[in-house]
Amino acid sequence: MEHPQFGQPRTLPPRVQNAISKMMAACADGMAHPVRQALAGLREEMPLMIGNPMAARREIIAFSHCKQLSIHGNEMLPALLECIEHELIAIRDQDHQPQQSELWVSSESWTLADTGEHVVQPQAEGIGQVTNQCKLPLYLLGQRFGVLAGTPAFNSDRIPVGPRRLIRAVEEASRRVFGDDFPHMLVTDVVARALFHDYPALVNRINKELEGASILPGLTFIPSLKRTATPVQPAHADTPKAAAVAPTSTVTHHSIRWFEQPEYEDRDRSVGMHPAPDFSVARTLLAKAKGQAPAATAAHVQLPAHIVSEMLDSLSSHDANGRPLGIRHLHDELKARAKSLHGGKAQLSQQQSDSIELLGMLYDAVSHDVRAQSGATELLKRLQIPLLRMALAGEEFFEEPTHPGRQIMSRVAESGAVIADEADADPQFDAALAHAVTRVEQEYRGDGAVLEQIHQELDDAHHAYEQRSEAAERHQIGASRGLERIAIARNAAQAMIDEKLAGTTLRPQVELLIRTAWQDALTFIRLRHDDHSALWQRHDRLTGRMLQVVTATDAIEDVDLRDSIFEILKRTGYHSEEASEVAETLSRSASQPRNGARMSMTELVTLIRARPRFGGSSKTMQLAEEMPEPRSEREEECFNHLNTLPFGCWLDFIINQQGEVRRRRLSWYSRITGNALLVNRRGARVAEMQLDQLARLMATGQVRVARKHEMSLLDRAWNSTLGTLESLGKLFVRPAAVAS
């Protein structure tokens, strides 16, 4: 199509003008079809809304409005593009102060504009959904708009083509085209929904156009803040070495990320915990496990670091038959080469030997918690020689949890952990892991800067993985919250009917229609309107009038009531024939015959009974009805504990008799419906359960909350290694005690 020509502001630099021109061309192409399609559909539907009190959210629709839409509808797209262009031209006239965005904003404060006007519910939901779907593209677009404006990066609310500004532009264009007396909210809602349908493609296209205009080319990921160095605690002469050791929890303080366990009340916090010792303590435990005192370092001839590095370069991770070697085999090979190349007296120092032995035990413990068929197993084998290099380079590898080598090893192991399954794997992050391991193999020769650079790139990829998982999780939470709202609306509708029917005796067929078809209609209305709204009050009066008619002893037929019930049921989703038959029955007394009825009362009741109830088909609701009652004392304790957990807690599920564990995230739960949403590491829904069901499983030991200190596979492996060393050390201490 031929793009409209847009005037360029003279005050902007040529590079910015060129970028704006490309963006406007992309907007013209991307918005043309959805805007025209939305207005065409509205032109067909608007005549049907005339005189309908429920139409268009109580907007008053007149014939003049239909005429305006037909005459001026083609002007909507140019007006919308003009509004967007005006925003782009004024991009450097906005406030240059840095933005301070709140982490949480109550839904009561959502606004469409700075004037305090509340966003309509469907539009607010649309903004949240598309923002979650396009979180990364909108972030990149905000970075590029910051470059264009010469300011810090824009958040999604400040981007001229962002969801919130786009809705504002649609409303402004509607006012320009159709005047002030037109039902603009209706046009805004219809056009915004059409634009949001394929909004991710539009944002990606604008990003590509800006990248083609040399605005931050190559920006494809979200940069993360580098971790601050672990503070070095001064040692005091009167403080024992073991007591001065800092636990792993005292490293860098940073915000909880998606894969981390949030803070919660851990009733078994101290169970199985080992303080993280320094290297000398670990060596002492190793010596006790071998039944001997630690050998003095001076008793051995330590080879220079460059010679050890050369020997590591000559090592191969496979034997002559192509079979992979373990850390212990590599250790033996390294000692043999030291003697053959530098004489029989040349050997590794005791500290170097202890480092390799501790690394071997740690590596075996990590491998035990990794699935044998996962790609992480092969990546860990390829990391063996680089890990030897890191362990021999100094004790920092064992003492610093933030050591880049430890972090890379941990990321690789977590990707294939036995507590996850194949569905948890993220192809993009797996590719980044393979690339990082290849770089470590090829580039790392003891240079800490190289290792830190590789780790930083991998951490950026992991952060993008978190962003994708979080976006997917938010989509699932939105769906679960929608089911909760439906359940609340259904309960409110049922409560109204129970109140109206209290002390009233109805024919069974009539009561069934009221508790099914009419309750569905009330649920549909209550879902979008609170109990103080005029529309809900109107349906309350309609329900009262309906009961007056069906319980009347005289022959009564209320035509207005029949028409209202018919229209309401059609809006709820009932077919015309069903709605007509139900309306005929509920708008006349028992003594008034049903004239012209096309089906008998028995046929009508059977048809309505077989129809799925609005909001009543949830599997979790069915589970809630099937749960045995009451809960035992232990189950009640677990239920109360679950209700105190923060959203985002990770739970460990025992899935079979062999004790295999799968870790799932408790993303959201409702104290109203008892529904709980569980997702995997990619944010995909894996189960929807009742809190009652979770409590019963927790009481039997089939579910437990993952402890914060056990979240990292590497930390669990180190904990297991220390426990093994302590157990072996006690075996050598016990015979000596008996002999004495």
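Check the entry above for the structure.
Asks: Quick one: what's the story with the overall build of the chain, residue by residue and with numbers?
Replies: Looking only at helices and strands, the chain features 27 helices and five strands. In the chain, which comprises 740 residues, the share counted as buried stands at 47%. When contacts within the chain are restricted to residue pairs at least 6 apart in sequence, those whose partners lie at least 24 apart make up 73%. Surface exposure of the chain reaches about 37,200 Å², of which carbon and sulfur atoms provide 52%.

Asks: Just give me the short version of the packing of helix α19 (residues 508-528) against helix α23 (residues 601-610), but keep the residues and values in it.
Replies: Where α19 contacts α23, the axes come no closer than 10 Å and their chain directions differ by 30°. Classified by the interaxial angle, the pair formed by α19 and α23 is roughly parallel. Here α19 runs over α23; the crossing is left-handed. In contact with Q509, L512, L513, T516 and A517 of α19, α23 contributes M601, L604, V605, I608 and R609. For the contact of α19 with α23, the per-class residue count stands at seven nonpolar, two polar and one charged.

Asks: Requested: an account of the packing of helix α12 (residues 350-368) against helix α14 (residues 384-393), with residues and values cited.
Replies: Following both chains from N to C, one finds α12 and α14 inclined at 135°, their axes separated by 9 Å at the closest point. Judged by the angle between their axes, α12 and α14 are oblique. Regarding α12 and α14, the two cross each other, and that crossing is right-handed. Contact residues: α12 offers Q352, S355, I356, L359 and Y363, while α14 offers Q384, L387, L388, A391 and L392. Of the residues in the contact of α12 with α14, the class split is seven nonpolar, three polar and no charged.

Asks: Go over the pairing of strand β4 (residues 685-690) with me, naming the residues and quoting the values.
Replies: Moving residue by residue along a regular strand, the side chains alternate between the two faces of the sheet. Here strand β3 (residues 675-679) pairs with β4 via five bridges, running antiparallel. The partner of N675 across the bridge, within β4, is Q690. The turn linking β3 back onto β4 is made up of five residues, and G683 within it adopts a positive phi angle of 80°.

Asks: Break down a negative patch on the surface for me, citing the residues and quoting the values.
Replies: There is a patch of like negative charges on the surface, built from E395, E396, E399 and E400. As for its position among the elements, E396 is in helix α15 (residues 396-399). What makes E396 partly exposed here is its relative accessible area of 37%.

Asks: Outline the environment of Q347, listing residues and values.
Replies: For Q347, the location among the structural elements is in the loop between α11 (327-342) and α12. Separated by 12 residues in the primary sequence, Q347 and K335 have C-alpha atoms spaced 6.2 Å apart.

Asks: Can you tell me about the side chain of N207, naming the residues and giving the values?
Replies: Residue placement: N207 occurs in helix α8 (residues 199-212). With residues up to four places along the chain from it excluded, the contact list for N207 reads P137, L140, L141 and R144.

Asks: Give me the environment of A153: which residues, what numbers.
Replies: Turning to its location among the elements, A153 is positioned in the loop between α5 (135-149) and α6 (163-178). Here the alpha-carbon distance between A153 and Y139, two residues 14 residues apart in the chain, equals 8.5 Å.

Asks: Give me the pattern of salt bridges: which residues, what numbers.
Replies: Following the criterion strictly, the structure yields 41 salt bridges and no others. The shortest N-O distance in the salt bridge between D426 and R468 comes to 2.7 Å. Taken together, the residues D426 in the loop between α16 (404-415) and α17 (427-443) and R468 in helix α18 (residues 448-501) connect sequence positions 42 residues apart. E567 serves as the salt-bridge partner of R571, at 3.7 Å between the closest nitrogen and oxygen. With R571 and E567 both in helix α21 (residues 559-572), this residue pair falls four residues apart, about one helical turn. A network of salt bridges, in which partner residues are shared, links E557, R562, D563, E584 and R588.

Asks: If you had to explain the sheet that holds strand β1 (residues 649-654) to someone new, which residues and values would you point to?
Replies: The pairing of strands in a sheet happens through backbone hydrogen bonds and is either parallel or antiparallel. Strands sit in the order β4-β3-β2-β1-β5 across an open sheet of five strands; the sheet is antiparallel. Of all strands in the sheet, those bounded by a partner on one side alone are β4 and β5 (703-705). Here the average twist between neighbouring strands, direction ignored, is 35°.

Asks: Please provide a residue-by-residue account of helix α22 (residues 576-586), values included.
Replies: Here α22 lies mainly inside the structure; eight of its 11 residues are buried. Looking at α22, one finds that the buried residues are E578, A579, E581, V582, A583, E584, T585 and L586. If you follow the buried residues of α22, they end up packed against α19, α20 (534-550), α21 and α23.

Asks: Provide a residue-level description of the packing of aromatic side chains, including the pertinent values.
Replies: Inspection of every chain in the model, using the stated rule, returns 11 aromatic pairs. Ring geometry for F196 and Y199: centres 5.8 Å apart, planes at 75°, overall edge-to-face. What makes F196 buried here is its relative accessible area of 11%. Centroid distance F259 to Y465: 5.0 Å. Interplanar angle 55°. Geometry classified as tilted. With a gap of 206 residues between them, F259 in the loop between α8 and α9 (279-289) and Y465 in helix α18 connect regions that are remote in the sequence. Looking at F259, the relative accessible area reads 10%, which means it is buried. Here the aromatic cluster, defined as three or more aromatic residues joined through ring pairs, consists of W258, F259, F429, Y465 and W650. Over the ring of F639 we find R631, and its NZ or CZ is 3.8 Å from the ring centre.

Asks: Describe unusual backbone geometry, and please don't skip the residues or the numbers.
Replies: A positive phi angle, near 65°, is found at S214, a position not held by glycine. According to the relative accessible area criterion, S214 is partly exposed, its value standing at 42%.

Rules of the game
- Residues numbered from 1 in each chain as written.
- Predicted model: local features only at pLDDT ≥ 70, side-chain atom pairs only at ≥ 80, totals over all residues.
- Heavy atoms only, no water.
- Helix = DSSP H or I, 4+ residues; strand = E, 2+ residues; numbered from the N terminus.
- Buried < 20%, exposed > 50% of the residue type's maximum accessible area, 1.4 Å probe, protein only.
- Contact = heavy atoms within 4.5 Å.
- Areas by Shrake-Rupley, 256 points an atom, 1.4 Å probe, with all protein chains shown as cover.
- Axes fitted to C-alpha atoms, helices over the stretch in contact; angles between N-to-C directions.
- Parallel < 35°, antiparallel > 145°, perpendicular 65-115°, else oblique.
- Left-handed = near helix turned anticlockwise from the far one by under 90°.
- Nonpolar A, V, L, I, M, F, W, Y, C, P; charged D, E, K, R; others polar.
- Pairing = 2+ DSSP bridges.
- Patch = residues over 30% accessible without salt bridge, like charges linked within 9 Å, V, L, I, M, F, W, Y side chains within 5 Å.
- Salt bridge = Lys/Arg side-chain N within 4 Å of Asp/Glu carboxyl O.
- Lys, Arg positive; Asp, Glu negative; His and termini not counted.
- Charge placed at Lys NZ, Arg CZ, Asp CG, Glu CD.
- Phe/Tyr/Trp six-rings, centres within 6.5 Å; stacked < 30°, edge-to-face > 60°.
- Lys NZ or Arg CZ within 6 Å of the ring centre and 35° of its normal.

That's the geometry; what it means functionally is another story.
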